[in-house]
Amino acid sequence: MDNCIFCKIARREIPAKIVGESELALAFWDVSPRQPLHILVIPKVHYANVAELTLNDESSLVAVMKLASELAVQHADESFRISFNTGEAAGQTVFHAHGHLTSRTPRGELV
Ligand code: AMP
Ligand code: ZN
């Protein structure tokens, strides 16, 4: 999508602090973190939300969850959350599917 900010990050057209990547997914630090650990994990292909992603592209969905899980193991202890706000009323502000990986108990150096 031409005008989508997360597509632009995936295409490296605008900068982001990228923390992980696979063939189908990309992870970067949230620009305004709400917990000590706050990473966003997106499919590289554009879907408006997690339902569209799940119903249309299981490979990308698995890639998102896998990358989020790898980063959780790496950067959080055993306590973390992966959440997908879906729809304006639920707090979604960027309409490219993204999981918030958050933790109150990060471990090690966060970069
Ligand atoms: P949501 O409200 O669930 O749609 O989440 C959107 C998230 O994207 C928010 O937590 C924002 O802080 C974050 N965000 C918006 N623009 C950027 C950006 N350019 N780089 C990193 N995070 C961003
Ligand atoms: Zn997009």
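J.: Would you mind going over the overall build of the protein with me for this structure?
T.: Tallying secondary structure elements over the protein gives three helices and five strands in all. Order of helices (α) and strands (β) in the protein, N terminus to C terminus: α-β-β-β-α-α-β-β. Taken against the 2.2 N^0.38 rule, which gives 13 Å for 111 residues, the C-alpha radius of gyration of the protein at 13 Å falls within 12% of a compact globule. Each principal axis of the C-alpha distribution contributes one length, and for the protein these read about 35 × 25 × 25 Å.

J.: I tried to follow the coordination of the zinc ion (ligand 2) on my own but got confused; where do I start?
T.: Six octahedral donors around a metal ideally subtend angles of 90 or 180 degrees, whereas four tetrahedral donors ideally subtend 109.5 degrees. The zinc ion (ligand 2) binds to the protein through C4 (SG), C7 (SG), H46 (ND1) and H96 (ND1); the donor distances cover 2.0 to 2.3 Å. Relative to the metal, the four donor atoms surrounding the zinc ion (ligand 2) lie at angles of 106 to 117°, and the coordination shape comes out tetrahedral. In terms of primary sequence, the donors binding the zinc ion (ligand 2) are separated according to C-x2-C-x38-H-x49-H. Grouping residues by exposure puts C4 and C7 together as buried.

Conventions used here
Residues numbered from 1 in each chain as written. Chains lettered and ligands numbered in written order. Predicted model: local features only at pLDDT ≥ 70, side-chain atom pairs only at ≥ 80, totals over all residues. Heavy atoms only, no water. Helix = DSSP H or I, 4+ residues; strand = E, 2+ residues; numbered from the N terminus. Rg over C-alpha atoms; globule rule 2.2 N^0.38 Å. Donors = N, O, S within 2.8 Å, 3.2 Å for Na, K, Ca; no water. Tetrahedral: all angles 85-135°; square planar, octahedral: opposite > 155°, others 65-115°. Buried < 20%, exposed > 50% of the residue type's maximum accessible area, 1.4 Å probe, protein only.

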